Amino acid sequence: MPSPKVLFGFHAVGVRLKTAPQSIIEIYHEATRRDARMRQFLERARAAGVRLIETDGLRIAKLAGNHGHQGVAARVQPMAQVTSLDELLENLEAAGTGPAPLLLVLDGVTDPHNLGACLRVADGAGAHAVIAPKDHAAGLNATVAKVASGAAETMPYFMVTNLARTLGELQERSIWCLGASDDASKTLYQADLRGPVALVLGAEGGGLRQLTRKTCDELVRIPMQGAVESLNVSVASGVCLYEALRQRS
């Protein structure tokens, strides 16, 4: 059986409490926090029959590895998820119905806060998965889970050995790889996002790596009207994913 993992913060623990309470081993809560939000959270946990342990903030911080725990942390069993990108895509192809594949590809996003925000917006927009290279990328950890507000539990995140090769494999499956670049001549709003698409975004500053750029089928830019030249990658992901959702709706 996989080793237990730790979730912390009201959103991350609350989503697990809502979706799979039976997978929660125990919830630690800070004894000195007795506000309405904590009381409501504990009522839900008790109603679900989850074991509650009252403790102090230092112990929760040590368990979470982070002081931004909001007085709540949980030891949980990992959720069963699709184990590979191939399996996910094969399941989508086999289903034959529902929305066309919508993937978010992150090239060089190393900040766990950015990754967590990207997972959250991908979940909200109905993306099927987030993909990143094994090198030059943030992995899933407790900080990512907290920022993702539960989406780290629901959004498949695949770290691949060779991103360019993976994009090529997506193209073989007729998934259009659309890269975001500040210097593209075409805007996001001129692109057709209704079919199978992978939106490829790079980190702030560096943007897409050269090989990633070359591998994309097309490059588009998000129009910038003010003084700043670019958006945070999680904000840019939201703009792109929700434009895809708008077009598909």
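None of the values given here were measured: they were computed from a predicted structure. (Residues numbered from 1 in each chain as written. Predicted model: local features only at pLDDT ≥ 70, side-chain atom pairs only at ≥ 80, totals over all residues. Heavy atoms only, no water.)

## So, the pattern of salt bridges
- Throughout the structure, instances matching the rule amount to 11 salt bridges.
- In this structure, Glu90 engages Arg173 in a salt bridge whose closest nitrogen and oxygen atoms are separated by 3.8 Å. Taken together, the residues span a long stretch of sequence, with Glu90 in helix H4 (residues 85-95) and Arg173 in the loop between helix H8 (163-172) and strand E8 (176-180) at a distance of 83 residues.
- When its relative accessible area of 24% is taken as the criterion, Arg173 is described as partly exposed.
- Here Lys186 makes a salt bridge to Glu218, at a shortest N to O gap of 2.7 Å. Of this pair, Lys186 sits in the loop between E8 and strand E9 (197-202) while Glu218 sits in strand E10 (residues 218-220); the two residues are 32 residues apart in sequence, bridging distant segments of the chain.
- Judged by its relative accessible area of 26%, Lys186 falls in the partly exposed class.
- Connected through salt bridges with shared partners, the residues Asp86, Glu90, Glu93 and Arg173 form a single ionic network. (Salt bridge = Lys/Arg side-chain N within 4 Å of Asp/Glu carboxyl O. Helix = DSSP H or I, 4+ residues; strand = E, 2+ residues; numbered from the N terminus. Buried < 20%, exposed > 50% of the residue type's maximum accessible area, 1.4 Å probe, protein only.)

## Details of the environment of Phe158
- Its place among the elements puts Phe158 in strand E7 (residues 157-160).
- Taking the C-alpha atoms as reference points, Phe158 and Ala132, separated by 26 residues in sequence, lie 6.3 Å from one another.

## Topic: the side chain of Glu26
- With respect to the secondary-structure elements, Glu26 resides in strand E2 (residues 24-30).
- Glu26 gets classed as buried once you look at its relative accessible area, which sits at 6%.
- Reaching out from Glu26, the side chain makes a polar contact with the side chain of Tyr28 at a distance of 2.7 Å.
- Reaching out from Glu26, the side chain makes a polar contact with the side chain of Arg51 at a distance of 2.6 Å.
- Setting aside chain neighbours within four positions, we find Glu26 in contact with Arg51, Ile53, Ala73, Ala74 and Arg75. (Polar contact = N/O pair within 3.5 Å; in protein donor to acceptor, adjacent residues only side chain to side chain. Contact = heavy atoms within 4.5 Å.)

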